[in-house]
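Fold and contact review
For reference, the chains in residue letters:
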Amino acid sequence: MAPHPARAGSRLPRAGPASPPAGHAGRTAGCYRNGAWPGPAGKEARPRPSLEWKMAGLGSGLSGAASCGRRLLLLLLFLLASLRPGSVDGVAWDPAGYLLYCPCMGRFGNQADHFLGSLAFAKMINRTLAIPPWIEYRHHRPPYTNLHVPYKEYFKVAPLLEYHRVIPLEEFMEKLAPVHWPPGKRVAFCFEAAAQRSVDKRTCPMKDGNPFGPFWDQFDVDFDSSELFGGISFGASYKDHWIRRFPPSEYPILALPGAPAQFPVLEEHRPLHRFMVWSDDLADKGESYISSFLVRPYVGIHLRLGSDWKNACKMLTDGTAGSHLMASPQCVGYDRNTAAPLTTDMCLPDLKEIQRALKLWVEAVQAKAVYVASDSEPYTNEIQQLFNGKVKVVYLQPDVAQIDLYILGQSDHFIGNCVSSFTAFVKRERDVHGRPSSFFGMDHPPELRDEL
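The structure contained in this document is the topic of the report that follows. Source: prediction; values computed, not measured.

**What to know about unusual backbone geometry**
The omega torsion across asparagine 210 and proline 211 is 15°, close enough to zero to call that bond cis. Note that proline 211 resides in the loop between helix H5 (192-195) and helix H6 (212-217). Note the cis peptide between arginine 296 and proline 297, where omega equals -5°. Positive phi, normally seen in glycine, also occurs at lysine 201, with a value near 65°.

**Re the nonpolar core**
In terms of nonpolar packing, the biggest core is built from 58 residues, with Phe115, Trp134, Tyr151, Phe155, Trp242 and Trp278 touching the most fellow members. The greatest single-element share of this core, amounting to nine residues, is contributed by helix H2 (residues 108-124). Residues Leu100, Cys102, Met173 and Trp181 belong to the second largest nonpolar core, which totals 29 residues.

**Describing the packing of aromatic side chains**
Applying the stated rule across the entire model yields 32 aromatic pairs. A cation sits over an aromatic face here: lysine 123 above tyrosine 163, 4.9 Å from the ring centre.

**Points about the packing of helix H14 (residues 401-410) against helix H15 (residues 421-432)**
For the pair H14 and H15, interaxial distance at closest approach is 9 Å and the crossing angle is 40°. The orientation of H14 with respect to H15, classified from their angle, is oblique. Crossing handedness for the pair H14 and H15: right-handed. Residue-level contacts link Ala401, Asp404, Leu405, Leu408, Gly409 and Gln410 of H14 to Phe422, Phe425, Val426, Glu429 and Arg430 of H15. Partitioned by chemical class, the residues of the contact of H14 with H15 number six nonpolar, two polar and three charged.

**Notes on helix H12 (residues 351-365)**
Between its first and last C-alpha atoms H12 spans 21 Å; for 15 residues at 1.5 Å apiece the expected length is 21 Å, and the two agree. For H12, the set of buried residues is Glu353, Ile354, Ala357, Leu358, Trp361 and Val362. For H12, the buried positions fall inside an angular range of 150° around the axis, keeping them on one side. Taken together, the buried residues of H12 touch strand E9 (298-303), helix H11 (344-347), strand E10 (369-374), helix H13 (380-386), strand E12 (413-416) and strand E13 (437-439). In the segment just after H12, glutamine 366 is the residue with positive phi, at about 55°.

Cut-offs applied
- Residues numbered from 1 in each chain as written.
- Predicted model: local features only at pLDDT ≥ 70, side-chain atom pairs only at ≥ 80, totals over all residues.
- Heavy atoms only, no water.
- Helix = DSSP H or I, 4+ residues; strand = E, 2+ residues; numbered from the N terminus.
- Core = buried A, V, L, I, M, F, W, Y, C linked by side-chain atoms within 4.5 Å.
- Buried < 20%, exposed > 50% of the residue type's maximum accessible area, 1.4 Å probe, protein only.
- Phe/Tyr/Trp six-rings, centres within 6.5 Å; stacked < 30°, edge-to-face > 60°.
- Lys NZ or Arg CZ within 6 Å of the ring centre and 35° of its normal.
- Axes fitted to C-alpha atoms, helices over the stretch in contact; angles between N-to-C directions.
- Parallel < 35°, antiparallel > 145°, perpendicular 65-115°, else oblique.
- Left-handed = near helix turned anticlockwise from the far one by under 90°.
- Contact = heavy atoms within 4.5 Å.
- Nonpolar A, V, L, I, M, F, W, Y, C, P; charged D, E, K, R; others polar.
- Expected span 1.5 Å × (residues − 1).
- Arc of directions from axis to C-beta.

This is how it looks when you write it as structure tokens:
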């Protein structure tokens, strides 16, 4: 459950300098200084995701000039691949097949969890992942409907290619679908249990209701037939089952009604977050907000206090939920047998707990500012009074929740909500970069798996 009810839009506000200058310092022929991904305009390049590649004759763990050369080699390989038979407008057809899905469960935090699992599943069955757009719900302000925001508006596509083959769904539909997945040949795939919701009990409910219908309608997709399956899951132990049951030679496009992944994201898939690198445009805006409104060091906090969240946390007091509730494995641990107790303070911290945690970490990092991201009450006045006005308190409510995510991710210390998938996104990003985090009700969370 993501924390920002309906704030996210498809266009970002201009909070400072516009687009970055042409070319970043240190860029040469598509390579960046020390093999880094480019940083925001005027900033040092951000370290690119670390991943050891073992290539014949090149060894592993290459960096610097060798990393640059490797990038050029990969680029050349992709260009050569585009010349293969079946390529359309320079986009090569992948004979290993494609995986398509609708990110139709929850808001951004949930969709991000599912994206990481889907990326891992695509690699497991060796199909190119068609990256779906993010679904943002704008039902309380213009355009009063769903927005579908391309992945690349918030994140770079290139880093994902270091892990597995991907293509934006928009590009797939524009350049490959007309030839390889035309109307009349669009097969839907779903569990037998899902098909029971259809009238004939044999049709996948690919477009039943919102957001399923609007998602496929944006691409003018209607499904012509259904392929049902059962006795199988998306887990690694079923890898061979998927490959044998749906060989790409017979089923080149595997289109699913939902993500082939679990929620919350599996512990072993958390490290994949390193390949989710912010787009230059969003990073520039986030840095502009930080330089304009904040002063370092600063503590970032995420508050989940809305009425829907209060109802969810009631499951702890009435005994209908245990330690594992939504994204709570990130703080209590993934093993149900050894999971720490999930307390009310960890799900729905009161003002006293918020003040306690803030006082602890503001003093620990000698913070001069506190950044608040909240779905409801931000407690800005109470926080200012706690520090006698000596600490700057900032609550911006940007038009897109991703700005909150970026600013929280860059803070000198982050305090999040254990049960929230929005917090989970920030926590994963910070873990990837070695930045400290804690939770309300848990000052020192356990270390989770951070290696692939």
